[in-house]
Amino acid sequence: MEANIHFPDPSKVREELIQKYPTKVAKKRSKSIIVNDPDLIPEVQANVRTVPGIITQRGCSYAGCKGVVLGPTRDIVNIVHGPIGCSFYAWLTRRNQTRPETLEDANYIPYCFSTDMQEENVVFGGEKKLKVAIQEAYDLFHPKSIAIFSTCPVGLIGDDVHAASKEMREKFGDCNVFGFSCEGYRGVSQSAGHHIANNGVFKHMVGRNNTPNEGKFKINLLGEYNIGGDAFEIERIFEKVGLTLISSFSGNSTVGQIENAHIADLNVILCHRSINYMGDMMETKYGIPWMKVNFVGADSSAKSLRKIAEYFGDEELKARVEEVIAEEMPRVKAIIEEILPRTTGKTAMLFVGGSRAHHYQDLFTELGMTTVAAGYEFAHRDDYEGRDVLPKIKVDADSKNIEELKVVPDPELYNPRKTEAELAELKEKGLEINGYSGMMKQMTKKSLVVDDLSHYESEKLIEIYKPDIFCAGIKEKYVVQKMGVPLKQLHSYDYGGPYTGFVGATNFYKDIDRMVNNPVWKLIKAPWEKAGNGKSGGIEASYVTQ
Amino acid sequence: MKHAKTATQNACKLCNPLGACLAFRGIENCVPFLHGSQGCATYIRRYLISHYKEPIDIASSNFHEESAVFGGSHNLQVGLKNVTEQYKPDVIGIATTCLTETIGDDVPLILRDYKKAHKNGSPMPIMIHASTPSYQGSHIDGFHAAVRATVKTLAEKGEEQNLINLFPNMVSPADLRYLKEIFREFEVPCMMLPDYSQTMDGGPWGEYHRIPPGGTPASAIVNAGSARASIEFGSTLEASKSAAGYLQEEFDVPRYQLSLPIGIKESDKFFSLLETLTGKKRAEKYEDERRRLIDAYADGHKYIFEKKVILYGEEDLVVAMTAFLSEIGMTPVLCASGGKSGLLKKRIMELVPNMEELGIKVREGVDFVDIEDEAKVLQPDFLIGNSKGYTMSRKNNIPMLRLGFPIHDRFGGQRMHHLGYRGTQELFDRIVNTVIEERQNASSIGYTYM
């Protein structure tokens, strides 16, 4: 497919993106705008602060902690300690779905709890109000768990959410109450909140329930948040294949499942960025290896299933996996073959998330489309370059502020699922255990990688490449579409999904076909059409660093 | 089930800085700027965008640990410089957040320092500062705080001129367009603030824009101090918190406060006031609109008479809607708001003096759990309010008509028209159709003729 695309010279594009910046900024940004070489992966500056006054798409620590990681578990009452906005803005906005087993089963996802902090709480402290709020939630629902999330003012006024949680937990006896110091100003982006959430879930939830499970192939699904029903499709496939899903972090999950997660024999990780800490910590404490998989894309799903079967090394499972793939693929093939002539040769750009910009490239490949540029919003270097760079990543002040849990093997529960020899053998077979080789290895040589893409850069890239589709989020959607380029939301999927697994892949093919071949775009004259052939119109960049 | 509540569940209000960002978006070539963590800007952007389906850039001072501890002066100054260089705005509208209000950053002082340090640089945009701590009030307070701060920063005294200020409250771009049309018809210059009729509901871009076109120019706001009068919509809006209140106190510009003109009576008051202030008769087309609306009331009354409604939203919207519903023979059995001005009941009583006899109940400072508890007792025929009532509507099988902000589960929230005779007409048609649709769905026969 690649041969059909006439790439602009990526080094020139890079130069053009940087040239309008003042020297200092150009220097800074040039480290985050990289021409890819999958064979000799260059360094990408990532997870560094956004400069004030530059419009970023990044969110805050609270968003990563409550919104992303804890939000999808249905039977935790999540109380946001702070003024009303933070809780309101995270109220069902991520389109996480959940499926309680019975009508009576708890589901608090539709609720938005807040201490609705008022001025007097800021002045005199809000702990008292928080404890009353916890008591109210307990009296009302008798939930298994209550989680408290600190918003910006909380840390500053000295409210101790951990002490308050502990006090209430001890008071109730039958309700696990725990707090998160995920004030919005912590860290560089929502990524800090993911780490804080991983720590809290690991400390307060995992390992509390030792109920055994008779399943033969027990796995946890990490970093899957059931947006648009993604988890349901993966669950369907797992069940069909004969894998026992012990818990999911955290799409369609329950407290009980997460507390039982340590009995699984394998952790598979989808979103590396948001949950890799959990994989590492569970490996150290319980001896459960983790493996990076991708269920976005039909071929990727098949590949991931084969990897899981290979890990367990069971011939019956391997055979069953092949049967399932053979059953699922004809429907996928029928649909993609019909769509391919309309999508082949088109181009896409993905600037989203901490893993989606990588995963969704597989779907575009299946559509015959080329990803000309991609980047993450809040990822770290390892998500770009692979985990081999981890020892080389400099720990800065922002990362230092996030607690690194000291994890040691559990004296009773540590049980290495694979011996060193077995792990070596799996590696021999090409299975990457406890590793991730990142996005860039998979991207073509001429593609462009940009971290924390700025507003100016996105307009410039669109102008230069004129992509057929741009993938990002709602904040970018309407500005990109004003230039006549369709934008697919990959945070919330617009109103669509699921996009995982075999069914999800076909949903995505159809959605992209409808978007890139829609007649409405012909009615919109893009700015560069007016400005002249590919020449810049009026957007120029200039900004200052800290 | 009654809950004695301290905490808020399913809030019926948003936070203070959101309103300020929207209001600043109604000033020409203005960039809203939130002094606080970047998450506030991101959340508020995504929320406004989900309703208006338009891009909105909100800058931020991107607080980090040390700025939270040592103050955000440095970050604010870097941010202002970057916004200035990149957007070349005429105005930067700076709103604070709970974080910066809690640490007590002195924004006016920082702005003075900034101006001093950069006086020889590129042209300095006008800086407007609104104090909008999220732990006070709700989004509507932030909206009014930003409008008042804008006028306070810009308005100057001058010789009285043939100009009327209009402060329309948080209404839709469609409403704003209609209001501008009315003033054009009356041939009287109007300084409407804010005016996001174009910035929050514009066309595709045939050329690049750093900031979308539209909005009230700063140069026009300067004249607000010499206008003949200010008209301000919003019956619970107190003079001490409003732009018109400031202009009256500072420049003796008379303040005329009206309820949002929804329905015949309140629209009449608005048009009569315009006639009085301008000495001109309204254009014939408005008489036509009024006649058609009354005719529609008569035609539609058979469907809606005595229907019971639960209304919720910003207080001023709730007051105006209560007056309108009473006018068409519907009963708002509960008028609810997450806002807490202390004036909601009083203002409704003024417009609907027999409210108690009609069975109208009023509650301020409520959330959706409170409203749902009331709904179980009051058994309304339908709900009128923003999208956040949907869960309650679905759970209790009560139909719902979407109105206000936010509307993110229906298309075209920004184009919903409510004000004046024509807006009321659209609203009335939607109400009638909601009832008809419900009856049709409930019918076992499946009438196609209702």
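Keep in mind the model is a prediction, meaning the values are calculated, not measured. (Residues numbered from 1 in each chain as written. Chains lettered and ligands numbered in written order. Predicted model: local features only at pLDDT ≥ 70, side-chain atom pairs only at ≥ 80, totals over all residues.)

A look at the overall build of chain B
- Looking only at helices and strands, chain B has 18 helices and 14 strands in total.
- For 450 residues, the compact-globule formula gives about 22 Å, and the C-alpha radius of gyration of chain B, at 22 Å, lands near that figure.
- Out of the 450 residues belonging to chain B, those deemed buried represent 58%.
- A separation of at least 24 residues holds for 74% of the contacts in chain B among residues at least 6 apart in sequence. (Helix = DSSP H or I, 4+ residues; strand = E, 2+ residues; numbered from the N terminus. Rg over C-alpha atoms; globule rule 2.2 N^0.38 Å. Buried ≥ 20, exposed ≤ 12 C-beta atoms within 10 Å, placed from the backbone. Contact = placed C-beta atoms within 7 Å.)

Regarding the overall build of chain A
- In terms of helices and strands, chain A carries 22 helices and 14 strands.
- Taking 546 residues into account, the globule formula puts the C-alpha radius of gyration at 24 Å, and chain A, at 23 Å, falls close to it.
- With respect to the principal axes defined by its C-alpha atoms, chain A has extents near 70 × 65 × 45 Å.
- Among the 546 residues that make up chain A, the fraction classed as buried is 58%.

A short note on unusual backbone geometry
Residue and element names in this part refer to chain B.
- Between Leu193 and the following residue, Pro194, the backbone shows a cis peptide bond with an omega angle of -5 degrees.
- As for its placement among the helices and strands, Pro194 is situated in the loop between β7 (190–192) and α9 (218–222).
- Between Phe405 and Pro406 the backbone carries a cis peptide bond, its omega angle lying at 0 degrees.
- Along the chain, Pro406 turns up in the loop between β14 (400–402) and α18 (420–442).

Comments concerning the packing of helix α11 (residues 264–278) of chain B against helix α13 (residues 315–327) of chain B
All names here are of chain B.
- At a minimum axis distance of 8 Å, the contact between α11 and α13 shows a crossing angle of 120 degrees. Between α11 and α13, the angle falls in the class oblique. On the side of α11, the interface is formed by Ile264, Lys265 and Glu266, while α13 contributes Ala320, Ala323 and Glu327.
- Its residues placed into classes, the contact of α11 with α13 shows 3 nonpolar, no polar and 3 charged. (Axes fitted to C-alpha atoms, helices over the stretch in contact; angles between N-to-C directions. Parallel < 35°, antiparallel > 145°, perpendicular 65-115°, else oblique. Nonpolar A, V, L, I, M, F, W, Y, C, P; charged D, E, K, R; others polar.)

Topic: the packing of helix α1 (residues 16–24) of chain B against helix α2 (residues 38–52) of chain B
Residue and element names in this part refer to chain B.
- Contact geometry for α1 and α2: axes closest at 10 Å, N-to-C directions at 65 degrees. Crossing angle aside, the handedness with which α1 passes α2 is right-handed. Within the contact between the two elements, α1 uses Pro17, Leu18, Cys21 and Leu22 and α2 uses Cys40, Ile44, Tyr47 and Leu48.
- The residue inventory of the contact of α1 with α2, partitioned by class, reads 8 nonpolar, no polar and no charged. (Left-handed = near helix turned anticlockwise from the far one by under 90°.)

A short note on the sheet that holds strand β1 (residues 33–35) of chain A
All names here are of chain A.
- Spatially, β1-β12-β11-β10-β13-β14 is the arrangement adopted by the 6 strands of the open sheet, whose pairing is mixed. One side of each edge strand has no neighbouring strand; the edge strands of this open sheet are β1 and β14 (487–489). Averaged over all pairs of adjacent strands, the angle between their axes in this sheet comes to 20 degrees, without regard to strand direction.
- Note: strand β13 (residues 469–472) against β14, 3 bridges, orientation parallel. Within β14, the position partnered with Ala472 by the bridge is Gln489.
- In this fold helix α19 (residues 455–465) packs onto β10 (347–351), β11 (370–375), β12 (448–450) and β13, with an angle of close to 170 degrees to the strand it touches most, β10. (Pairing = 2+ DSSP bridges.)

Here we look at the sheet that holds strand β9 (residues 255–258) of chain B
All names here are of chain B.
- Here 4 strands make up an open sheet; going across it, the order is β7-β6-β8-β9 and the pairing parallel. The two strands at the open ends of the sheet, each matched to only one other strand, are β7 and β9. Pairs of neighbouring strands in the sheet enclose a mean axial angle of 20 degrees, with direction left out of account.
- In this sheet, β7 lies alongside strand β6 (residues 164–167) in parallel orientation, the contact comprising 3 bridges. Looking across to β7, one finds that Asn165 is bridged to Met191.

Points about helix α8 (residues 173–185) of chain B
Residues and elements named next belong to chain B.
- Under the 1.5 Å per step criterion, the end-to-end length of α8 is 18 Å for 13 residues, consistent within 8% with the ideal 18 Å.
- Buried within α8 are the following residues: Pro173, Ala174, Asp175, Leu176, Tyr178, Leu179 and Ile182.
- Residues of α8 that are buried make contact with β6, β7 and α18.
- Glu187, located one to two residues past α8, shows a positive phi value of around 50 degrees. (Expected span 1.5 Å × (residues − 1).)

As for the interface of chain A and chain B
- Every contact between the two is made by 66 residues of chain A and, on the other side, 57 residues of chain B.
- Of all elements in the fold, only α3 (61–70), α4 (84–89), β3 (113–114), α5 (119–124), α6 (127–141), α7 (152–157), α20 (474–482) and α22 (527–531) of chain A reach the threshold of two or more residues within the side of chain A that touches chain B.
- When the residues that make up the side of chain A that touches chain B are grouped by side-chain class, the tally is 36 nonpolar, 18 polar and 12 charged.
- Note that β3 of chain A and strand β1 (residues 8–9) of chain B share 2 bridges and pair antiparallel. If you follow Phe113 of chain A over to β1 of chain B, its bridge partner there is Gln9 of chain B.

What to know about the domain arrangement of chain B
All names here are of chain B.
- When the domains of chain B are assigned, the result is domain 1 (16–154), domain 2 (164–201 + 210–278) and domain 3 (285–442).
- Each of domain 1 and domain 3 was reduced to a C-alpha centroid, and the two centroids are 34 Å apart.
- The interface is formed by 7 residues belonging to domain 1 together with 9 residues belonging to domain 3.
- Broken down by element, the side of domain 1 that touches domain 3 gets its largest block of residues, 4 residues, from α2. (Domains from an automatic or database assignment.)

What about the pairing of β9 of chain B?
Residue and element names in this part refer to chain B.
- Direction of pairing for strand β8 (residues 229–233) relative to β9: parallel, over a ladder of 4 bridges. Bridging from a neighbouring strand, Ser230 pairs with Arg255 of β9.
- Taking the sense of rotation as the criterion, the β-α-β connection linking β8, helix α10 (residues 243–251) and β9 turns out right-handed. (Right-handed = clockwise from strand over helix to strand, strands pointing away.)

So, the pairing of strand β11 (residues 331–336) of chain B
Residue and element names in this part refer to chain B.
- Of all the 6 residues making up β11, 6 are buried; the element is thus mostly covered by neighbouring parts of the structure.
- Judged from the 5 bridges that link them, strand β10 (residues 308–312) and β11 form a sheet pairing that is parallel. Along β11, the bridge assignment pairs Val309 with Pro332.
- For the segment spanning β10, α13 and β11, crossover handedness is right-handed.
- Relative to strand β12 (residues 361–363), β11 runs parallel, the two sharing 3 bridges.

Topic: α1 of chain B
- Most of α1 of chain B is tucked away: 9 of the 9 residues are buried.
- Within α1 of chain B the residues assigned to the buried category are Asn16, Pro17, Leu18, Gly19, Ala20, Cys21, Leu22, Ala23 and Phe24 of chain B.
- Taken together, the buried residues of α1 of chain B touch α4 of chain A together with β2 (30–35), α2, β4 (91–96), β5 (126–130) and α7 (139–154) of chain B.

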